[in-house]
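What the coordinates show
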There are 2 protein chains.
Amino acid sequence: MSEMSSGRGRDAHPAPTLEMVAAAAGVSRATVSRVVNAAPNVSDAIAEAVNEAILKLNYVPNRAARSLVSRRTQVIALVVPETTAKLFSDPFFATVVQGVALYLSDTDFTLNMLIASEMRSEKTRRYLLGGNADGALVVSHHEGDHSYDRLDLSLPIVYGGRPLLESESESYFVDVDNVAGAAEATAHLIATGRRSIATIAGPQDMPPGFDRLRGFRRAMADARLRSDLVEYGDFTPDSGAEAMRRLLDRGEPIDGLFAANDQMAAGAYSVILERGLRIPHDIAVAGFDNNYFGSTAVPALTTIDQPSLELGRAMAEVLVRRIEGKPVDRVTMMPTRLIVRASTTPRDA
Amino acid sequence: MSEMSSGRGRDAHPAPTLEMVAAAAGVSRATVSRVVNAAPNVSDAIAEAVNEAILKLNYVPNRAARSLVSRRTQVIALVVPETTAKLFSDPFFATVVQGVALYLSDTDFTLNMLIASEMRSEKTRRYLLGGNADGALVVSHHEGDHSYDRLDLSLPIVYGGRPLLESESESYFVDVDNVAGAAEATAHLIATGRRSIATIAGPQDMPPGFDRLRGFRRAMADARLRSDLVEYGDFTPDSGAEAMRRLLDRGEPIDGLFAANDQMAAGAYSVILERGLRIPHDIAVAGFDNNYFGSTAVPALTTIDQPSLELGRAMAEVLVRRIEGKPVDRVTMMPTRLIVRASTTPRDA
DNA sequence: ATGAAAGCGCTAACAT
DNA sequence: ATGTTAGCGCTTTCAT
């Protein structure tokens, strides 16, 4: 295993410049620039000659030079709060990033990923304000933290997930329709014959926690059913188990459960089983997120699928449109999808 | 929900330039540049005055301008083959990326993520060769594809995972020690009393597939045990199930199984159970990867943990050292760790 | 120790 | 339709 040897490169073949292309094609640099940027006013003959020279020299425009004069970096920053990065193994988040990257790979933009920790928050701000990116995407997980709002004055920003206090923010965001998704899951429970439906809600200071409870309540109200069987968890399996315990300890009959995410549903499963109750016979269960906590559970969990890839794609698209000055809605809602599995099979089936 | 409004910014506050700082501090631009870059020859008094001006004006150096003259972009490209991106939900991959990002966030480098599809491979090459990055990291999953080797002449590259034909490549890479990990898992099976141990190997044209089989054979040979109970899968659960079926159909006794990854182990589980055999009583099982396929299996799967975060970190570190011209080993091996769970509990325990 | 000046590679008026 | 020219903001000799 040898040592050494390093950052040479880039100098072996001193990269061809626009000027060299101009010389080779026998035209001015301005003309080459026009050809490269597909400007309207170039005669076909010359354009062809220039393109030939470009090909022959293997010319690639220097981005730094271009950025310097055009004031455009063609860079989009993806800001990942460190708390979210810790949950990196969360397939939801990874898929959102993939969606962003996929969309951008068809544009001239490049994706810059930043991990923003408390410590380095100043560094992140400086990076963003230092003209290093044309726009930023902020993905936090459940927090609804729109603390980069102020930066939006200098740089277009698009968030994944709505802000906590929507009325106080003018921020652009793309969000999953948590209310509709939760309502759909609840309605499904009702449609399969359940009447005494409880919910394990998420933290009410996190938008998804709040919205999913709202969706549950709405569906219950629509069916003229009571919706006071509510306990709260923090989206972890353990908290789901405890909430289920509290729910069962109330002594009221429960034949259906909507958990605000699959993890909590998984936690609830263990308690339900431990009390000698059967799923779905005694209690039908529906979750939210559609991840492996639900798909590998026994019985498999009915849940709400989030369009994570599309969410990422949409975030990138909204941001690019803002950067390019095209009109975009300030809020974009992504539809969810009900995934019916064994945990909500009707009793008579 | 309002419409419009867009890419303004950046002009509201015309970013302060080095020149403005110079004026404010009453010195020349050269001096400001020296202070910013911590050059040796600056008097404390002046340095202080300059720093004050920088703070007051909230000055941030313009990267494009800096890159243009210094020929350094401070950008590191992370190339993700699209085939890998599809497996994005794979926690292994996501965590590697996180490791990279985490390491870089303590440096002056920035992470640029590129999805390299077949279609856009030319675009990727141009990007890399166009001086848009100071170095590149290539993470493919299992493929051992080092097809960017040629670019290494112009740009330092570091791979995650060894090349398929190591002898033919001079590439820098960081890899998990698959041989040692597989050997450790197998040795553990042996240590817990198993003697007729089979393996479900991965594709032999993928380095991890090949290396894990080698590790298995080595451990068996060290214990003077036969190692001809080998069937192959393609790392998917289904292929694991089929391989297990073939193994069992051989009619030879099997009391232990090493699967080259957790997915295939999960597939094997179903066949073992379906044949009325018990885990670990009849057959003890060990996997590799340490992901949820194993941790959520029943009984929980003994497996080999890969230091994914550290792998990413190490890749970034090796690349940065190359870029900075510091010595680095061409190959870096990351140690694995045995995670003992219920699937290998000794019979007498 | 500090300043003056040149120039990195490109785009965008402006002129022709 | 094409060329000329003047910078973009910074680093870096070279003087002083």
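Residues numbered from 1 in each chain as written. Chains lettered and ligands numbered in written order. Predicted model: local features only at pLDDT ≥ 70, side-chain atom pairs only at ≥ 80, totals over all residues. Heavy atoms only, no water.

Within chain A, the regular secondary structure consists of 13 helices and 12 strands. A compact globule built from 349 residues would reach a C-alpha radius of gyration of about 20 Å, whereas chain A, at 27 Å, exceeds it by more than 25%. Across the 349 residues of chain A, 56% fall into the buried class. In chain A, 72% of the contacts between residues at least 6 apart in sequence involve partners at least 24 apart. Surface exposure of chain A reaches about 15,100 Å², of which carbon and sulfur atoms provide 53%. Counting 37 positive and 44 negative side-chain charges, chain A places the centres of these two groups 2 Å from one another. (Helix = DSSP H or I, 4+ residues; strand = E, 2+ residues; numbered from the N terminus. Rg over C-alpha atoms; globule rule 2.2 N^0.38 Å. Buried < 20%, exposed > 50% of the residue type's maximum accessible area, 1.4 Å probe, protein only. Contact = heavy atoms within 4.5 Å. Areas by Shrake-Rupley, 256 points an atom, 1.4 Å probe, with all protein chains shown as cover. Lys, Arg positive; Asp, Glu negative; His and termini not counted. Charge placed at Lys NZ, Arg CZ, Asp CG, Glu CD.)

With that settled, the discussion passes to unusual backbone geometry. Residues and elements named next belong to chain A. The linkage connecting I279 with the following residue, P280, adopts the cis geometry, with an omega of 0 degrees. Summarising the element assignment, P280 is placed in the loop between α11 (262–274) and β9 (284–286). The amide bond that connects V298 to the next residue, P299, takes the cis arrangement and shows omega of -5 degrees. For D289, which is not a glycine, the phi torsion comes out positive at approximately 130 degrees.

Another point: the environment of A65(A). Residue and element names in this part refer to chain A. When you line up the elements, A65 lands in helix α4 (residues 63–70). Take A65: its relative accessible area is 28%, and that puts it in the partly exposed class. Taking the C-alpha atoms as reference points, A65 and R321, 256 residues apart in sequence, are found 24 Å from one another.

Looking now at the UniProt feature "domain: HTH lacI-type" (unreviewed entry) in chain A. The positions that UniProt labels "domain: HTH lacI-type" (unreviewed entry) are, in the present scheme, residues 16–70 of chain A. Helix and strand shares over residues 16–70 of chain A are 69% and 0% respectively, and the end C-alpha atoms of the span are 20 Å apart. (UniProt positions renumbered as here; feature names shortened; annotations may be inferred.)

All names here are of chain B. Here four strands make up an open sheet; going across it, the order is β7-β6-β8-β9 and the pairing parallel. Edge positions in the sheet fall to β7 (230–232) and β9 (284–286), since each has one partner strand and no second. Averaged over all pairs of adjacent strands, the angle between strand axes in this sheet comes to 20 degrees, irrespective of strand direction. Both strand β6 (residues 197–201) and strand β8 (residues 256–259) contribute to a ladder of four bridges, which runs parallel. Looking at the pairing, T199 lines up with F258 of β8. Strands in contact with helix α8 (residues 178–191) are β6, β8 and β9; relative to β8, the strand with the most contacts, it is inclined by about 170 degrees. (Pairing = 2+ DSSP bridges. Axes fitted to C-alpha atoms, helices over the stretch in contact; angles between N-to-C directions.)

Another point: the confidence of the model for chain A. Averaged over chain A, the pLDDT score is 89; the fraction of residues at 70 or greater is 92%. Per-residue pLDDT stays below 50 along residues 1–12 of chain A; that stretch engages in 31 contacts with residues further than four places along the chain or on separate chains. (pLDDT = per-residue confidence, 0-100.)

With that settled, the discussion passes to the protein's contact with DNA strand D. Taken together, 26 residues lie around DNA strand D, and R34(A), S43(A), R71(A), L18(B) and Y59(B) are the ones closest in. Atoms of DNA strand D within 4 Å of the protein belong to the sugar or the phosphate in 58% of instances, the rest to bases. A distance of 2.9 Å separates a phosphate oxygen of DNA strand D from a polar atom in the backbone of S28(A). R34(A) is positioned with one of its side-chain polar atoms (N or O) 2.5 Å from a base oxygen of DNA strand D. Where the surface near DNA strand D is concerned, the elements lending two or more residues are α2 (29–36) and α4 of chain A together with α2 (29–36) and α4 (63–70) of chain B. In terms of residue class, the surface near DNA strand D is made up of 12 nonpolar, eight polar and six charged. (Near = heavy atom within 4 Å. Polar contact = N/O pair within 3.5 Å; in protein donor to acceptor, adjacent residues only side chain to side chain. Nonpolar A, V, L, I, M, F, W, Y, C, P; charged D, E, K, R; others polar.)

The next subject is the protein's contact with DNA strand C. In the vicinity of DNA strand C lie 26 residues, with L18(A), Y59(A), T31(B), R34(B) and R71(B) positioned nearest. The contact atoms of DNA strand C, taken as those within 4 Å of the protein, divide so that sugar and phosphate hold 63%. Within the side chain of N37(A), one N or O atom sits 3.2 Å away from a phosphate oxygen of DNA strand C. Between DNA strand C and R71(B) there is a distance of 2.3 Å, counted from a phosphate oxygen to a side-chain nitrogen or oxygen. Sorting the residues of the surface near DNA strand C by element identifies α2 and α4 of chain A together with α2 and α4 of chain B as the ones contributing at least two each. Looking at side-chain class alone, the surface near DNA strand C contains 12 nonpolar, eight polar and six charged residues.

Attention shifts here to the domain arrangement of chain A. Residues and elements named next belong to chain A. When its domains are assigned, chain A resolves into domain 1 (3–70), domain 2 (75–176 + 308–334) and domain 3 (178–306 + 337–344). Inter-centroid distance (C-alpha atoms) of domain 2 to domain 3 is 30 Å. Contacts between domain 2 and domain 3 engage 11 residues on the former and 10 residues on the latter. Across the interface of domain 2 and domain 3, roughly 990 Å² is buried in total on both sides, 56% from carbon and sulfur atoms. Measuring nitrogen to oxygen at the nearest pair gives 2.9 Å for the salt bridge that ties R162 to D211. In this assembly, domain 2 and domain 3 are joined by three residue pairs in polar contact (both at pLDDT 80 or more). Within the residue set of the side of domain 2 that touches domain 3, elements represented by two or more residues are α6 (91–104) and β5 (172–176). (Domains from an automatic or database assignment. Buried area = accessible area lost by both parts, 1.4 Å probe. Salt bridge = Lys/Arg side-chain N within 4 Å of Asp/Glu carboxyl O.)

A few words on the packing of aromatic side chains. Counted by the stated rule, this structure contains five aromatic pairs over all chains. When the centroid spacing of 6.4 Å and the interplanar angle of 15 degrees are considered together, the rings of F216(A) and F258(A) count as stacked. On the criterion of sequence distance, the pair formed by F216(A) in helix α9 (residues 207–222) and F258(A) in strand β8 (residues 256–259) is long-range, its members being 42 residues apart. Pair check on accessibility: F216(A) and F258(A) agree, each one buried. Here a set of aromatic residues connected by ring pairs shows up, and it is made of Y292(A), F293(A), Y292(B) and F293(B). In this structure, R212(A) packs its charged tip against the face of F288(A), placed 3.7 Å from the ring centre. Here the guanidinium or amino end of R322(A) rests over the ring plane of Y172(A), the centre of that ring lying 3.7 Å away. (Phe/Tyr/Trp six-rings, centres within 6.5 Å; stacked < 30°, edge-to-face > 60°. Lys NZ or Arg CZ within 6 Å of the ring centre and 35° of its normal.)

Next up on the list: the sheet that holds strand β6 (residues 197–201) of chain A. Residue and element names in this part refer to chain A. The four strands are arranged β7-β6-β8-β9 in an open sheet whose pairing can be described as parallel. Taken across any chain shown, the strands that pair with only one partner, and hence form the sheet edges, are β7 (230–232) and β9. Each strand axis lies, on average, 20 degrees off the axis of its neighbour in the sheet, ignoring direction. Pairing of β8 with β9, which is carried by three bridges, proceeds in the parallel orientation. Of the residues in β9, the one forming a bridge with L257 is V285.

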